[in-house]
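# Descriptive structure summary
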Amino acid sequence: MKSAVLAAIGDELLSGARLEKNASFMAKHFHNHGWNVKRIEVISDEESEILSLLSRWVGNTDLLIISGGLGPTHDDKTRYAIAKYLDCELSPNDDMYNMVLERVKDYPERYAYTEKCRNPQAYIPVKCSAVFNPVGFALGMKFQQDGTTVIALPGVPLEYQAMTRQELPEIFAPSHTWASVIILGLPEMTIAEKIPEVINNPSLHISILPASPQVELIIRGSPELVDEAEKLTRSRFDNVLPRGCLSLSEAVIHEARTHGVKIACAESCTGGLVGEQITAIAGSSDVFNGSCVTYSNEAKQNILGVKSETLASFGAVSEECAREMAEGALRIYDADYAVSTTGIAGPDGGSESKPVGTVWFGLASKNGESHSFMKKLPGNRGEVRTRAVRFALCELWKMIYTSKIY
């Protein structure tokens with residue numbers, strides 16, 4: 001089994017000012033292809049830290065990928081640290097940097113700035129090979145020493161992802177050594193108890209990832225064993241997302257397309273996040289007619305047609321309001337199925353009868369059925385909203401899948 005170490009450089013990552021995304025992106029692809037990711041490290045913008053990283057892992061892993069520190073400013077020290085480690089000078093790769101400049105030749109201001117950044121962004125240690133940047137401007141670099149390949153790339157996720165795909169195409173090829181099975185509505189222990197042959201198989205590696213109302217099983221192993229385990233797992237449960245669907249939003253789009261139906265949303269506490277999750281899927285326009293964010297009571301009345309008596313008698317966070325919101329979305333978007341959300345995400349606004357985390361969901365279908373249900377969701381404002389989106393998508397999928405409302 002080949003091994004890799006993934007490192008990210010940046011004080012902004014250690015302070016929390018920015019989230020580290022590159023290592024997790026690559027770790028997934030390495031894992032899918034049977035590599036052993038030995039370590040993920042985040043270190044500061046200090047030459048000594050970069051030198052220490054190189055000393056620790058060169059000779060102790062097959063591949064070390066370093067992210068960050070290749071920009072044009074004072075805190076970008078990766079190229080200098082690598083040159084010091086290799087005991088060599090820096091030299092400009094003008095031919096490759098000119099290829100980068102070619103992309104912005106029709107934009108004078110951008111061209112002038114990129115040319116200004118030639119020193120240091122075109123400079124690499126003479127003992128390294130340059131790595132072309134197909135979307136950004138700083139060149140990457142790579143070298144081999146003591147059985148380890150070291151690749152240093154810019155930290156901008158768009159550039160990092162494009163350059164890793166360019167340099168390691170085999171890691172991004174389709175893999176049959178893993179499968180994902182997403183099960184709805186059951187706790188993780190119950191799921192594990194129903195598939196002991198899979199869980200206890202020493203030739204498989206099983207990850208159980210709960211994210212209520214779903215639990216995702218990641219099954220890894222040889223292609224034959226993975227295929228057999230996936231089929232057995234799917235046969236033991238009812239509410240399982242279709243094969244190939246790695247998220248609830250993908251499953252909603254798949255099911256709507258399969259049944260030839262249109263869907264819509266009406267949102268209050270989730271502020272458009274349900275619609276965002278659906279439209280994040282390519283091809284969603286085939287089935288998704290629209291979503292409206294009706295945050296105020298006036299918007300609920302004027303856009304969705306929620307009755308003033310409903311709001312006066314039961315409030316916006318109620319069974320009745322959620323149902324009328326879903327019915328309104330169904331009508332104004334001429335959809336076959338609709339889901340709505342209305343709740344109290346916090347941190348303020350709760351009461352004894354409707355504490356923070358209370359969310360009502362409405363479901364409506366073109367055949368005249370409508371229904372509401374309530375969940376009390378834990379967590380802070382962001383967590384309540386995230387969980388509400390998952391429940392809304394879950395119930396929308398079930399409604400389309402079964403062609404009925406529970």
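See the structure printed just above.
Notes on the structure in this doc start here. Since the structure is predicted, the reported quantities are computational estimates derived from the model, not experimental observations. (Residues numbered from 1 in each chain as written. Predicted model: local features only at pLDDT ≥ 70, side-chain atom pairs only at ≥ 80, totals over all residues. Heavy atoms only, no water.)

## Some details on the overall build of the protein chain
On a plain count of helices and strands, the protein chain comes out with 17 helices and 16 strands. Taken along the three principal axes of its C-alpha coordinates, the protein chain extends 75 × 55 × 40 Å. Residues classed as buried in the protein chain amount to 49% of the 406 residues present. On the protein chain, the mean spot of the 40 positive side-chain charges and the mean spot of the 50 negative ones are 3 Å from each other. (Helix = DSSP H or I, 4+ residues; strand = E, 2+ residues; numbered from the N terminus. Buried < 20%, exposed > 50% of the residue type's maximum accessible area, 1.4 Å probe, protein only. Lys, Arg positive; Asp, Glu negative; His and termini not counted. Charge placed at Lys NZ, Arg CZ, Asp CG, Glu CD.)

## Quick word on the nonpolar core
Ile263, Val274, Ile278, Leu396 and Ile400 are the most contacted members of the largest nonpolar core, which has 36 residues in total. Secondary-structure elements contributing two or more residues to this core are strand S9 (178-184), helix H12 (248-259), strand S12 (263-267), helix H13 (273-279), strand S14 (337-343), strand S15 (358-365) and helix H17 (381-402). Among the elements that take part in this core, H17 stands out by supplying 11 residues, more than any other. Non-local contacts of Leu396, meaning those with residues more than four positions away in its chain, are made with Val252, Ile263, Ile278, Tyr337, Val339 and Leu363. (Core = buried A, V, L, I, M, F, W, Y, C linked by side-chain atoms within 4.5 Å. Contact = heavy atoms within 4.5 Å.)

## Section: the layout of surface pockets
Taken as a whole, the largest pocket encloses approximately 600 Å³ of empty space. Lining the largest pocket are 31 residues, and of these Glu12, Gly68, Pro154, Gly155 and Val156 sit closest to its centre. Every element with two or more residues in the lining of the largest pocket is listed here: strand S1 (3-9), helix H1 (11-15), helix H6 (108-116) and helix H8 (157-167). It is H6 that provides the largest number of residues to the lining of the largest pocket, a total of 3 residues. The residue makeup of the lining of the largest pocket, split by class, is 13 nonpolar, 9 polar and 9 charged. (1 Å grid on protein atoms, 1.4 Å probe; cavity = no way out; pocket = protein on both sides within 12 Å on 5 of 7 lines; lining within 4 Å. Points joined across faces, edges and corners; volume = space filled by probe spheres on them. Nonpolar A, V, L, I, M, F, W, Y, C, P; charged D, E, K, R; others polar.)

## Regarding the environment of Gly244
Looking at the secondary structure, you find Gly244 in the loop between helix H11 (223-235) and H12. When the C-alpha atoms of Gly244 and Ile182 are compared, they prove to be 10 Å apart, with 62 residues separating the residues in sequence. In contact with Gly244, other than residues within four places in its own chain, are Arg234 and Glu250.

## Looking at the sheet that holds strand S7 (residues 140-145)
Hydrogen bonds between backbone atoms are what pair the strands of a sheet, whose relative direction is either parallel or antiparallel. Taken in spatial order, the 6 strands of this open sheet run S2-S1-S3-S8-S7-S6, and their pairing is mixed. At either margin of the open sheet sits one strand with a lone partner, and together these are strand S2 (36-43) and strand S6 (129-131). Strand after strand, the sheet turns through a mean of 20° between neighbouring axes, direction not considered. Direction of pairing for S6 relative to S7: antiparallel, over a ladder of 3 bridges. (Pairing = 2+ DSSP bridges. Axes fitted to C-alpha atoms, helices over the stretch in contact; angles between N-to-C directions.)

## Describing the packing of H12 against H17
Two numbers describe how H12 lies on H17: the axes approach to 9 Å, and their chain directions differ by 20°. When the interaxial angle is binned, H12 and H17 end up roughly parallel. Of the two possible hands of crossing, H12 and H17 adopt the one that is left-handed. Listed contacts from H17 to Leu248, Ser249, Ala251, Val252, Glu255, Ala256 and His259 of H12 are Arg390, Leu393, Cys394, Leu396, Trp397, Ile400 and Tyr401. The residue inventory of the contact of H12 with H17, partitioned by class, reads 10 nonpolar, 2 polar and 2 charged. (Parallel < 35°, antiparallel > 145°, perpendicular 65-115°, else oblique. Left-handed = near helix turned anticlockwise from the far one by under 90°.)

## Digging into helix H2 (residues 22-32)
Burial analysis of H2 places 8 of its 11 residues in the buried class, the great majority of the element. Backbone geometry just after H2 places Gly34 at a positive phi near 80°.

## A few points about the sheet that holds strand S16 (residues 370-376)
Read across the sheet, 5 strands follow the order S13-S12-S14-S15-S16 without closing on themselves; strand pairing throughout is mixed. Either end of the sheet is taken by a strand with one partner, and the two such strands are strand S13 (288-293) and S16. Within this sheet the neighbouring strands show an average axis-to-axis angle of 15°, counted without direction. Here S14 runs beside S15; their pairing, made up of 7 bridges, is antiparallel. Bridge assignment links Thr342 to a residue of S15, and that residue is Trp360. Against the sheet, helix H16 (residues 319-332) makes contact with S12, S13, S14, S15 and S16, and its axis sits at roughly 40° relative to S15, the strand it touches most. Of the strands in this sheet, S12, S14, S15 and S16 touch H17, which is tilted by about 25° from S15.

Treat this as a map of the structure, not an account of what it does.
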